[in-house]
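Spelled out, the chains give:
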Amino acid sequence: MTINCKQLIYGIISFVPGFKGRRPLMTGGTDSAEYCYSVWLRHLVLGFRNKLCSKVPEVVAEFGPGDSIGIGLAALISGASRYIGLDVVEHSTLTKNAEIFDEIIELFKRKAPIPHGPEFDLVKPGLDSYHFPSEILTDAHMAKALSDERLKHIRKSILSMNRPGSIIQYVVPWTDADPLPSNSVDMIYSQAVMEYCTILPEAYHKMREWLKPDGFMSHQIDFKSHGTFDAWDGHWACSDLKWRLMRGKRPYFICRSTHSEHIEAIRDAGFKIILDLKSILPPTIAPGELNPRYRPLDPQDLTIAGAFVQARRL
Ligand SMILES: C[S@@+](CC[C@H](N)C(=O)[O-])C[C@H]1O[C@@H](n2cnc3c(N)ncnc32)[C@H](O)[C@@H]1O
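Scope of this entry: the structure provided in the associated data block. Note that the coordinates shown come from a computational prediction; the quantities given were computed from them, not determined experimentally.

What counts and what doesn't
Residues numbered from 1 in each chain as written. Predicted model: local features only at pLDDT ≥ 70, side-chain atom pairs only at ≥ 80, totals over all residues. Helix = DSSP H or I, 4+ residues; strand = E, 2+ residues; numbered from the N terminus. Rg over C-alpha atoms; globule rule 2.2 N^0.38 Å. Buried ≥ 20, exposed ≤ 12 C-beta atoms within 10 Å, placed from the backbone. Contact = placed C-beta atoms within 7 Å. Pairing = 2+ DSSP bridges. Axes fitted to C-alpha atoms, helices over the stretch in contact; angles between N-to-C directions.

A separate point is the overall build of the protein chain. For the protein chain, the helix and strand inventory stands at nine helices and seven strands. Its C-alpha radius of gyration of 20 Å places the protein chain within 12% of the 20 Å reference for a compact globule of 314 residues. Its C-alpha atoms put the protein chain at 60 × 45 × 40 Å along the principal axes. For the protein chain, the proportion of its 314 residues judged to be buried stands at 39%. For the protein chain, the proportion of contacts with a sequence separation of at least 24, taken over those separated by at least 6, is 80%.

Now the structure itself:
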């Protein structure tokens, strides 16, 4: 198992006063319209299949939208009436959001299949079928959803985000604000975000508080080492000191949580888990090499490289 020296050096340098770091800080997928469309439809299709919703949820909130709020725009275009993006760093820009909006509309207009295949191999969760979900987004539903008037309203809301009358809110950092009233959201989702969250129990408790009584959440969580080590599970062997150095003063960094920690925090916060779709990888770290914190864990826990979790508010 080899540490990624570049990441370690970057972390150490970040302690130097005045260090600004890489700008802009790119996050990954949401600068692509296909990615946003694909991720939204995957969460939606599985929400339907698991009977967590029987129509497009009205008020949707997203943790960690990243480079654009495109997944949320896909939700709005498909019929949601309000979107709240909650991040810890302001990544998304007006220009990017406006560009991606037009591209996502085109995908819905031509009922494009849910993007998958080699370019999307790393995107989870996987589905049995990637056809456009016409059984959910029927022709009649999409005719209304794609009406000129509705699209104009969403476009106006992108331009006037966070202002009165806009159906789009983007709250950064959400942890400093009290962004949402209790019982106000139908669906909360995230894609490749919850592994960064250092305040897991608090975050899941907040989600429980914001969701309406019949609300649900949908999270794709990646437990891998995110390039900090050559081994996918190398981060669980790293000493706490080395990890603190590697993390440095980055605004966010994976917090090395395991699947069982998330499941416990989700249940403790007052959710019933409806789907827990795990991706399993063989461990590469011998039990004796693990950071002592991870040694008492069930060895099965350390084979779970990712999970798609959907849970209903109790
Ligand atoms: C790997 S990016 C994923 C972005 C996007 N969801 C995607 O699928 O491309 C992680 C995102 O999570 C955000 N993030 C990190 N910690 C967070 C937290 N505690 N709460 C909300 N967002 C967080 C980051 O700022 C970043 O936007």
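We now examine the sheet that holds strand 1 (residues 59-63). Backbone-to-backbone hydrogen bonds pair the strands of a sheet. The strands run either parallel or antiparallel. Across the sheet, seven strands lie side by side as 3-2-1-4-5-7-6; this open sheet has mixed pairing. Of all strands in the sheet, those bounded by a partner on one side alone are strand 3 (168-171) and strand 6 (271-280). Ignoring which end each strand starts from, the neighbouring axes of this sheet average 15° apart. Note: strand 6 against strand 7 (residues 304-313), nine bridges, orientation antiparallel. What sits directly across from Lys-272, in strand 7, is Arg-312. Helix 7 (residues 200-210) rests against strand 1, strand 4 (185-191), strand 5 (211-222), strand 6 and strand 7 of the sheet, and its axis sits at about 145° to strand 5. Running over the sheet, helix 9 (residues 259-268) touches strand 5, strand 6 and strand 7 and is turned about 170° from strand 6.

Turning next to the environment of Val-56. By the element assignment, Val-56 lies in the loop between helix 2 (33-49) and strand 1. By the C-beta count within 10 Å, which is 23 here, Val-56 ends up buried. C-alpha separation for the pair Val-56 and Pro-283, spaced 227 residues apart in sequence, amounts to 39 Å. Not counting residues within four places of it along the chain, the set of residues in contact with Val-56 comprises Leu-44, Ser-78, Gly-79 and Ala-80.

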